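So the chains spell out like this:
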Number of protein chains: 2
Amino acid sequence: MYSLLVMRIAASSERSMADLTARARIRDAAIACFAEAGFDTPFRTIAARADVSPGLITHHFGSKAALRAECDAEVFRRYHALKSDTLDDPSANLLERLARPGDAALVTVYMLRALHAGGTAARDFFESLVEHVRQVTAESVAAGLVRPSRDEDARARYLTAHSMGAMLVQYLLDPGRSPDDFVASVLTQERGQALPILELYTEGLFTNRRMLDEYLMYVGDPPVGAVVPADAGATAPTA
Amino acid sequence: MYSLLVMRIAASSERSMADLTARARIRDAAIACFAEAGFDTPFRTIAARADVSPGLITHHFGSKAALRAECDAEVFRRYHALKSDTLDDPSANLLERLARPGDAALVTVYMLRALHAGGTAARDFFESLVEHVRQVTAESVAAGLVRPSRDEDARARYLTAHSMGAMLVQYLLDPGRSPDDFVASVLTQERGQALPILELYTEGLFTNRRMLDEYLMYVGDPPVGAVVPADAGATAPTA
DNA sequence: GATCACGCTAGTTGCGTGTATAGCCTGCTG
DNA sequence: CAGCAGGCTATACACGCAACTAGCGTGATC
């Protein structure tokens, strides 16, 4: 009976038995605190949220860096779970999935904060997102919705950096607090910007093909790492 | 003779005479430190860089917040100087100007850091950039290079948030340290992503006009703040 | 049912920070 | 040359933090 419960939990969320302990409570509390208040949240705050004493955190995790690492790993795990959920269900899309309140919102904001903090974790999360965008665009191309690119890899990186960057900027400019509030504001803002996005994605920005054609004349087509004469894309508005 | 020198300095960089004092040295050192190491750089580090004692900073500025505010104001001033330089010279563009090593690089990275830190300063810098992008796109539209948008304001916000966000992401992911190094890497990365940018700006992303047309059918044209039925732009790759 | 071990807590330590204060020292002024 | 004001320094304080240590309690084991 007990083992049956454990098995069901393990099956549904892949959590190990150890997660039923206070150690897991601390980890989850830390994830929530980190997402809401940043990674410099004091031990005391985390401890209070997990209903344990501050010392216990040290006792279990040794140092703050170790706690952080474990939280990163857990969020990473949850993100991949969300991702495969999304990929399995073709009607879903990642933005909506990630902007859903609750667990998903927590994951999103945590990853944003990790990106904000920089370092190895930021790179890992980012690479993971790039990979995901590449998969989704590939599917959209196959479905005939999106034009193929001459360099799918670079495009995935570009789209990811810009999308995540814009989300990050919004997060930083918005005084919004709770993860749920934030993902809600992301959705509304996304809708406020729907028109320029659709315009850009449908009609492009330039009135003629000159710059693209000139670029293609200089360098060979597909995966280009080469340098282009000074300011190829530079006349594009600002940066 | 002395006054002549002062006048030339004042004319060339608009700095007041008071800036020749140690107070200005502290401010400049703080700007450099903030840009390179973040706003939580200790007083002592700033003091060492300015070759003064830590106490002198308090003596001149009162508090750290006041020092920060004065640095923000100074950077803001320098940015606007760069901006009007760029606007006066039609052959120049802001990205190249901001990515030039030296003073401009410092301004760029400082503003990025301010954005990174959030708060009022971040909003002010951002609004300033939006305004600038709006001017540049308006000029490009007038010159027939860029298609007009049905909502120029929203487009300027969109482009600014995404461009600055991407720069910020790159800054966070890159272990790069000095402002000069960073702006150099921005330029090279910009060139590495030139192809997807040109593709997107020239050809768009979608293969057909369906989503845009559907959107336009639902809401009136120009400055739209309205909400669109659930997932209008949602099928766009990721976010 | 006594013992042992482990989860857990309270209190303490040391460090780094921003800020306050008292004094030095240089360079004007009368 | 005396006096003195103000830029400037060095030292000291108070606070918040992570990390450590010793001890309490509870539940499993033989």
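It should be emphasised that the depicted structure is a prediction, and the values quoted were computed from it without experimental measurement.

The rules behind the values
Residues numbered from 1 in each chain as written. Chains lettered and ligands numbered in written order. Predicted model: local features only at pLDDT ≥ 70, side-chain atom pairs only at ≥ 80, totals over all residues. Heavy atoms only, no water. Salt bridge = Lys/Arg side-chain N within 4 Å of Asp/Glu carboxyl O. Helix = DSSP H or I, 4+ residues; strand = E, 2+ residues; numbered from the N terminus. Near = heavy atom within 4 Å. Polar contact = N/O pair within 3.5 Å; in protein donor to acceptor, adjacent residues only side chain to side chain. UniProt positions renumbered as here; feature names shortened; annotations may be inferred. Phe/Tyr/Trp six-rings, centres within 6.5 Å; stacked < 30°, edge-to-face > 60°. Buried < 20%, exposed > 50% of the residue type's maximum accessible area, 1.4 Å probe, protein only.

Novice: Help me out: how do you make sense of the pattern of salt bridges in this one?
Specialist: Under the criterion given, the structure shown has 34 salt bridges over all chains. Across the pair E199(B) and R150(A) runs a salt bridge whose closest N-O atoms are separated by 2.7 Å. Of this pair, E199(B) sits in helix 11 (residues 194-203) while R150(A) sits in the loop between helix 8 (119-142) and helix 9 (152-173), on two different chains. Because the salt bridges share partners, they merge into one network encompassing R27(B), D28(B), E74(B), R77(B), R78(B) and D103(B).

Novice: What should I look at first to understand the protein's contact with DNA strand D in this one?
Specialist: Around DNA strand D, the surrounding shell consists of T41(A), P42(A), F43(A), R44(A), S63(A), K64(A), A22(B), V52(B), S53(B), L56(B), H59(B) and H60(B). When the atoms of DNA strand D within 4 Å of the protein are sorted by group, sugar and phosphate make up 77%. Measuring from a phosphate oxygen of DNA strand D, one finds a side-chain N or O atom of K64(A) at 2.6 Å. Backbone polar atom of S53(B) to a phosphate oxygen of DNA strand D: 2.7 Å apart, as the coordinates give it. Put simply, the parts of the chain that give the surface near DNA strand D at least two residues each are helix 3 (43-50) of chain A together with helix 4 (54-61) of chain B.

Novice: Would you take a moment to explain the UniProt feature "DNA-binding region" (unreviewed entry) in chain A for this structure?
Specialist: Following the UniProt record, the feature "DNA-binding region" (unreviewed entry) maps to residues 42-61 of chain A here. The annotated region residues 42-61 of chain A carries 80% helix and 0% strand content, and the separation between its end C-alpha atoms amounts to 15 Å.

Novice: Where do I start with the packing of aromatic side chains in this structure?
Specialist: To describe a pair of aromatic rings, one takes the distance between the centres and the angle between the planes. Per the stated rule, a full pass over the model turns up 10 aromatic pairs over all chains. The interplanar angle of 70° and the centroid separation of 4.6 Å between the aromatic rings of Y171(A) and F182(A) together place this pair among those described as edge-to-face. You can see Y171(A) sitting in helix 9 and its partner F182(A) sitting in helix 10 (residues 179-192), a full 11 residues away along the chain. On the basis of relative accessible area, Y171(A) is assigned to the buried category, the value being 8%. Residue F182(A) is classed as buried on the basis of its relative accessible area of 2%. Pairing F206(A) with Y201(B) gives two aromatic rings, centres 5.6 Å apart and planes at 90°, and the pair type is edge-to-face. You can see F206(A) sitting in the loop between helix 11 (194-203) and helix 12 (210-218) and its partner Y201(B) sitting in helix 11, one on each of two chains. Accessibility expressed as a relative area gives 7% for F206(A), which makes it buried. Residue Y201(B) is classed as buried on the basis of its relative accessible area, which comes to 7%.

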